[in-house]
Amino acid sequence: MRKHEAIELQPSPFDAMDSNTGLGSVLPTAVAVAAGAAVVLGVVASGAGMPIILGLIGLFATAGLFFTFAVLAGYVRFGRKLPMAELVSAATDALDTGIMIARRDGDAVYANRTFEEMVGRTGENRLGALQDLFTGEADASAALFRLARAAERGEPHAEEFSLKSGTAGARGATVMSISVQPFAARGERRGLVLWRLHDVTADREREAARIAGVEMQLAQFDRAPIGLASVAAGGKLLHINATLADWIGRSARSVAEQHITFADITTRDCAGLVSSLLQRNDGQSASIDVDLVHEDGRILPVRLVSKPAPDSRAVTVAVLNHAGESAAEFEGDATGARFARFFQSTPFGIAILDPDGRITNANAAFCRMVLEGASGIGVKAPDALCRSATPEMRTAVEESLERVLSGRASLSPIEITVGTKGEHVSRVYMSPFAAAGSSKEAAILYVVDATEQKALEAKFAQSQKMEVVGKLAGGIAHDFNNMLTAILGFSDMLLSMHRPKDLAYKDIKNIQQSANRAAELVRKLLALARQQTLQNEIVNFSEVLTEEFNLLKRYLGEKSELKISSEPDLWNVHTDKQEFIQALFNLITNAKDAMPDGGTLTIRARNVPERETQRLGYKEFLPGEYVQIEVGDTGHGMSKEVMDKVFEPFFTTKAIGKGTGLGLASVYGMVKQSGGYIYPESEEGKGTTFRIYLPRYHAERDDEIPAVKEKKKETRAADLTGTGRVLLVEDEEVVRNFAARALKRQGYKVLEASSGVEALEVMEKNKGKIDIVVSDVVMPEMDGPTLLKELRKKNPDLKIIFVSGYPNDAFKASLGEEDFAFLPKPFSLPQLAAKVKEELGR
């Protein structure tokens, strides 16, 4: 290439001009000088301008003198102006990066001196020279091909690769970086491409040296005798050394990939302490004793030491193994190590207090149970223990603490409520640690979780209450239902003998309605005692809600809106359909009372798989497959005090005479008797929701369900008259008389017996002439189940219907596989006739 001589440029008021610009500037000046000369000559010729001439000559002499000094000093120099192309060429030649400007097809326009030195030759085909340089270098040739294609397309691109043979003038392997950058240029329609060629070997060597130094530091970090961890906000482990990885049985890579946190490698009690340690931002170092959990479940007692760095998002934590040589504090002190291990691993809370009643040390269980995971160091014991306690509890704690800090023993433990909502109960034991004023450790607290024990006590008290109610209800149910059966039965008979226009018809109807209300009251009593008779069948709640929608809507009233939704393919359950509908009405009754001005009642049914039930967290709830029925209103809601008593018998918030307090109690009993659960959720001003969970029913044969339904439809469609010989066994004469008259009116021949022994005698006299036996369960001399066994000895196929005020579950177990039908008392005339007709038709 053409080389340019070096010309120094200095700023001057007299810049030299080239041939093109000088003519335009000098010509006007020459004209002006000529004109001035003419004027001067005219003045001289007139003879009057001699003084003026002398003055001008002096002025010009002075200017000439100054101009001469300026030239000698270098302020004025003469030369030609440097062309821009030569200036750019000189600048690029001084770069250590090879520069080549070419067209898109590879035709080179310009290349600097560095490029030619690196390529090794000059000439017009500079791209070809570059290709020759990479001959035998597969990676380099492939990279150059990609660069040429990118330049041809007008796209920027960069490549970096190694050359085994090196560039021209270089020894050994080199690392080259080549890039192409298209740019627009005047006169070039497709533009030009700037090629940059740079030797980055030295840069890569420096990087390799830095990496080797980092790797050496990491190796020292991994081989440290203590565990080291870099922890981000939230406890996430960013990096751990090999020592800590070995202690927890995980690799450093798996810790990073699985986003393991400190809480994942510590025990549940210690997780809160670790979180509190990592959240410190006071710049002071702190330490706690915790238990690490190996992946196989083994426990390792350690001490965590942390000091947050200012303006850092990560915290470095040192982990000292109490069982190893890193526990310098416990070297030669096996007792201290064992105490620290015991202190942290106890399942109950322990805290040590100073003479002022402040916490100086606390184990992980204490922090979890009382402080919700916070450290609590320096906090006064009453403030820590009574965060959600009542004023009475705080007074008791302060009085007991004052006694203990004075060196006297506490008389008895104190029960406190803990948790954000006071949902847990703990017992606090206090003991003086040393004589008052003689030590920094004045007292010790022990905190035992009593939540489960209190729940068991409440459950036991409730079960005792339900047992008493059950015995009471069961004791009166038999006699009371016998009387109601007679009242209802004779009312039906009287109504059938009177027309609606008769004067006595209305009175008889009132008697019947009152008897039905009394029967409903007995049913509720038996339901809350879980002794009611359930006629269980296969039920699909999606069908039930669809069938009962209009009735439920009318019952709710026009002020409120009823919304019903059901999940497709809803599972079946095994329960009493009518009792479930009655439970819905009881829940709707409470919703109506909670929405006097109207609102929205929503009933939803959906499947709940076992995995979801495992996350519910309800007390006494067994995971499994359930159908959930949710009944929610937008009423005024319930307080916590009301929620705690909502299922108690005879508890009501209604005015006197407006409710019995048995509605929700009977719902609870019905759900429990069906093997399910019911849980309320309410907030004052936001409404109440009851969630019922009933176990999914798995049918052994899919064709059983439609067959039962079809049979019931046929039974209901048939009339109640029939023929046959019926043996009626009932110790209550009034009930026996009603039942006998009712069956005789339907066309049956009825034989009567007042006890089981008498029934056997009747059967002996009428061998083979009895079609069906209708018998009470509880009778003197011989009860119903014993009678059935005696009758089946001689007539195994004899059909038997038991009638009783007790649930059939009370005696069904004693009959084993014996087949029988059951009709609960009280029953009406049509119900008795229908049951006999149904059994004879089987």
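Here the structure is shown first, and the text comes after it.
Visitor: What exactly am I supposed to notice about the overall build of the protein here?
Guide: Along its length, the protein carries 27 helices and 27 strands. Within the protein, buried positions represent 41% of all 842 residues. Residue pairs in contact within the protein that sit at least 24 positions apart in sequence constitute 58% of those at least 6 positions apart. As displayed, the protein has an accessible area near 47,300 Å², and 54% of this comes from carbon and sulfur atoms.

Visitor: What is the right way to read the packing of aromatic side chains from this model?
Guide: Two descriptors summarise a pair of aromatic rings, namely the distance from one centre to the other and the angle between the planes of the rings. One pass over the full model with this rule turns up 18 aromatic pairs. On the basis of an interplanar angle of 90° and a centroid distance of 6.4 Å, the ring pair of Y626 and Y693 is categorised as edge-to-face. Of the two residues, Y626 is situated in strand β20 (residues 626–633) and Y693 in strand β22 (residues 687–695); the sequence distance between them amounts to 67 residues. Residue class for Y626 comes out buried when judged on its relative accessible area of 6%. By relative accessible area, which is 1% here, Y693 ends up buried. Taken together, Y618, F621, Y626, Y677, Y679 and Y693 form an aromatic cluster joined through their ring pairs.

Visitor: What should I look at first to understand the nonpolar core in this one?
Guide: One recurring pattern in soluble globular proteins is that nonpolar side chains are buried together. Of all hydrophobic cores here, the largest spans 36 residues; its most connected members are F541, L601, I629 and F690. For this core, the secondary-structure elements that each account for two or more residues are α17 (541–556), α18 (577–594), β19 (600–608), β20, α21 (663–673) and β22. The element contributing the most residues to this core is α18, with eight residues. Setting aside residues no more than four positions away along its own chain, F541 makes contact with L570, V573, T575, F580, V627, I629 and L694. By size, the runner-up hydrophobic cluster in this structure holds 29 residues, among which are I359, A365, L401 and A443.

Visitor: Would you mind going over the layout of surface pockets with me for this structure?
Guide: The rolling of a water-molecule-sized probe over the atoms marks out the regions of remaining empty space. In this structure, the second largest pocket encloses a volume near 2,100 Å³. Residue lining of the second largest pocket: 44 residues in total, with K619, E620, M643, D644 and Y679 positioned closest to the centre. Here the element with the most residues in the lining of the second largest pocket is helix α15 (residues 451–497); it accounts for twelve residues. Here the residues of the lining of the second largest pocket are counted per class, giving 16 nonpolar, eight polar and 20 charged.

Visitor: Help me out: how do you make sense of empty space enclosed by the protein in this one?
Guide: One pass over the structure, following the stated rule, counts two cavities of 30 Å³ or more. As a volume, the largest cavity reaches approximately 50 Å³. Lining the largest cavity, in full, are L728, V729, E730, V735, A739, V774, S775, D776, V803, F827 and L832. Elements that contribute at least two residues to the lining of the largest cavity include exactly β23 (725–729), α23 (733–745) and β25 (772–776). Per-element accounting of the lining of the largest cavity gives the leading share, three residues, to β25. Size it by volume and the second largest cavity reaches roughly 30 Å³. Along the walls of the second largest cavity sit R523, E579, Q582, A583, N586, S666, V667 and M670, which together make up its complete lining. No other element matches α18, which puts four residues into the lining of the second largest cavity.

What counts as what
- Residues numbered from 1 in each chain as written.
- Predicted model: local features only at pLDDT ≥ 70, side-chain atom pairs only at ≥ 80, totals over all residues.
- Heavy atoms only, no water.
- Helix = DSSP H or I, 4+ residues; strand = E, 2+ residues; numbered from the N terminus.
- Buried < 20%, exposed > 50% of the residue type's maximum accessible area, 1.4 Å probe, protein only.
- Contact = heavy atoms within 4.5 Å.
- Areas by Shrake-Rupley, 256 points an atom, 1.4 Å probe, with all protein chains shown as cover.
- Phe/Tyr/Trp six-rings, centres within 6.5 Å; stacked < 30°, edge-to-face > 60°.
- Core = buried A, V, L, I, M, F, W, Y, C linked by side-chain atoms within 4.5 Å.
- 1 Å grid on protein atoms, 1.4 Å probe; cavity = no way out; pocket = protein on both sides within 12 Å on 5 of 7 lines; lining within 4 Å.
- Points joined across faces, edges and corners; volume = space filled by probe spheres on them.
- Nonpolar A, V, L, I, M, F, W, Y, C, P; charged D, E, K, R; others polar.

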